[in-house]
Amino acid sequence: MEIGGSTVIPLADRFGRVATDLRVSLTDRCNLRCTYCMPEEGLAWLPRPELLTDDEVIRLIRVAVERLGVREVRFTGGEPLLRRGLTSIVQAAAALSPRPTLMLTTNGIGLERLAAPLRDAGLDRVNVSLDTLDPERFQALTRRDRHADVLRGLAAAATAGLTPVKINTVLMRDINDDEAPALLRFALDHGYQLRFIEQMPLDAQHRWDRHTMVTADEILASLAPYGLQPDVVSRGTSPAETWLVPGHLDAAGEPARVGVIGSVTRPFCGDCDRTRLTADGQVRNCLFATEESDLRKLLRDDAHDDELAEAWRVAMSGKRAGHGIDDPTFLQPARPMSAIGG
Ligand code: SAM
Ligand code: SF4
């Protein structure tokens, strides 16, 4: 296949999966400290010279789109809204041919101001993380008093047309696991699409415990009063299993849906179509990979686009069949979620 004069050789692995969805972490820094992600204090940031510059990020996205067949790009972090060059990176990615779908995962702080400029730059959609409707709980969970900023960010995203606006929620036992029905009510009332994510062993403190994790089954049981129905639309390569919420429509007038991402108890590794780039230019073929491939060094050694593309392909070809969380030999990756890019 040829795209814009370049030959596309996709990111295929030994198990027949092809990665077309690129997650780009733009920073490992964050203005929150969610307990399941970061320690309260003391996490060293990546040194600035190690971070890819805006031009380097844009070049690697171009290589991914033009030579590797990437069709979707999601910006994440850390908190991607903290990246100064975000709007220009989005604009450059939107100018690529073929134009990738552009998405952002954010904690929503600052989105009130940035939603419209990001939309104008070419961003298509956002996921905003929100684990509670209670400001005090929010403070306990994120160790910052910013609940109102997140709600304003959500509203601004909807107004700017970054739709459907999705909410990502992680439930934790005895902390916010009683909130699933209320969060769904909130999402339905505002036309947001809610997705629960099972907590994964990616916290900086390595405190994750399978036995206390709130499972997809438990989440679905707590939503029983809504009488959820199996979705008619296939999940495809999406990690979220979705259910229809009878009697409710979303902001576009479609039947309302709720999603559950059972990363641990209902793994979707067999359909995974993701490739990841960290803020310091390392390709990761899986969230749980323990090895990375250094594209930054190649970039800074003046590698040609063909060499970058080939190194990326090699990195992806070694992707394991699954995350192996249930395997006794499972090792949590050295980097926490905030430094990988969720
Ligand atoms: N700061 C942004 C945010 O919070 O949306 C983007 C980065 S964050 C790492 C991306 C997503 O990963 C968020 O929805 C967050 O809730 C989720 N996340 C973080 N740590 C997690 C964990 N240990 N298990 C499951 N999801 C996690
Ligand atoms: Fe920051 Fe997102 Fe991690 Fe929370 S989940 S600490 S907002 S990177």
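Keep in mind that what you see is a predicted model, and the values were worked out from it rather than measured. (Residues numbered from 1 in each chain as written. Chains lettered and ligands numbered in written order. Predicted model: local features only at pLDDT ≥ 70, side-chain atom pairs only at ≥ 80, totals over all residues. Heavy atoms only, no water.)

A. A look at the packing of helix H1 (residues 54–68) against helix H9 (residues 305–317). One can describe the packing of H1 onto H9 by two numbers: an axis separation of 10 Å at closest approach and a directional angle of 75 degrees. As judged from the angle between their axes, H1 and H9 are roughly perpendicular. In this structure, H1 uses Arg59, Leu60, Arg62, Val63, Ala64, Arg67 and Leu68 to contact H9, whose residues at the interface are Asp305, Asp306, Leu308, Ala309, Trp312 and Arg313. Of the residues belonging to the contact of H1 with H9, the class tally is 7 nonpolar, no polar and 6 charged. (Axes fitted to C-alpha atoms, helices over the stretch in contact; angles between N-to-C directions. Helix = DSSP H or I, 4+ residues; strand = E, 2+ residues; numbered from the N terminus. Parallel < 35°, antiparallel > 145°, perpendicular 65-115°, else oblique. Contact = heavy atoms within 4.5 Å. Nonpolar A, V, L, I, M, F, W, Y, C, P; charged D, E, K, R; others polar.)

B. Here's a closer look at the nonpolar core. With 101 residues, the main nonpolar core has Ile61, Phe75 and Trp312 as its most contacted residues. Residue contributions to this core peak at 7 residues, all from H1. Ignoring sequence-local partners within four residues, the contact set of Trp312 consists of Leu11, Leu22, Leu60, Ala64, Leu68, Thr275, Val283 and Leu295. (Core = buried A, V, L, I, M, F, W, Y, C linked by side-chain atoms within 4.5 Å. Buried < 20%, exposed > 50% of the residue type's maximum accessible area, 1.4 Å probe, protein only.)

C. Looking closely at the UniProt feature "binding site: [4Fe-4S] cluster 2" (unreviewed entry) in the protein chain. In the numbering adopted here, UniProt assigns the feature "binding site: [4Fe-4S] cluster 2" (unreviewed entry) to Cys269, Cys272 and Cys286. Spanning 18 residues, the annotated positions come together in the fold, the maximum distance between their C-alpha atoms being 9.2 Å. When you line up the elements, Cys272 lands in the loop between strand S13 (255–261) and strand S14 (274–277). Contacts of Cys272, omitting those with residues within four sequence positions, involve Arg17 and Lys319. Positionally, Cys286 belongs in the loop between strand S15 (282–284) and strand S16 (293–294). (UniProt positions renumbered as here; feature names shortened; annotations may be inferred.)

D. View of the sheet that holds strand S11 (residues 229–230). The 12 strands lie next to each other as S11-S12-S13-S10-S9-S8-S7-S6-S5-S14-S15-S16, forming an open sheet whose pairing is mixed. With partners counted over all chains shown, the strands left at the sheet margins are S11 and S16, one partner each. Pairing geometry for strand S9 (residues 166–170) and strand S10 (residues 193–197), over 5 bridges, is parallel. Residue pairing across strands places Ile167 opposite Leu194, the latter belonging to S10. Each of strand S5 (21–25), strand S6 (72–76) and S14 touches H1; the most contacted strand, S5, lies at about 170 degrees to it. Taken strand by strand, helix H6 (residues 180–190) contacts S9, S10, strand S12 (241–249) and S13, and its axis lies near 150 degrees from that of S10. (Pairing = 2+ DSSP bridges.)

E. Structural view of the site of ligand 1. Tyr36, Gly78, Glu79, Ser129 and Met200 are the nearest of the 18 residues found near ligand 1. A distance of 3.2 Å is found between an oxygen atom of ligand 1 and a backbone nitrogen or oxygen belonging to Thr106. Contacts to ligand 1 include Asn168, whose side-chain N or O atom sits 3.1 Å from an oxygen atom. Contact with the protein chains hides 95% of the accessible area of ligand 1, taken as 540 Å² for the molecule alone. (Near = heavy atom within 4 Å. Polar contact = N/O pair within 3.5 Å; in protein donor to acceptor, adjacent residues only side chain to side chain. Areas by Shrake-Rupley, 256 points an atom, 1.4 Å probe, with all protein chains shown as cover.)

F. Representation of the packing of aromatic side chains in the model. Going through the model one piece at a time under the given rule, you end up with 2 aromatic pairs. Aromatic side chains Phe186 and Tyr192 sit 5.9 Å apart centroid to centroid with 55 degrees between the ring planes, which places their arrangement in the tilted category. Looking at Phe186, the relative accessible area reads 14%, which means it is buried. By relative accessible area, which is 9% here, Tyr192 ends up buried. (Phe/Tyr/Trp six-rings, centres within 6.5 Å; stacked < 30°, edge-to-face > 60°.)

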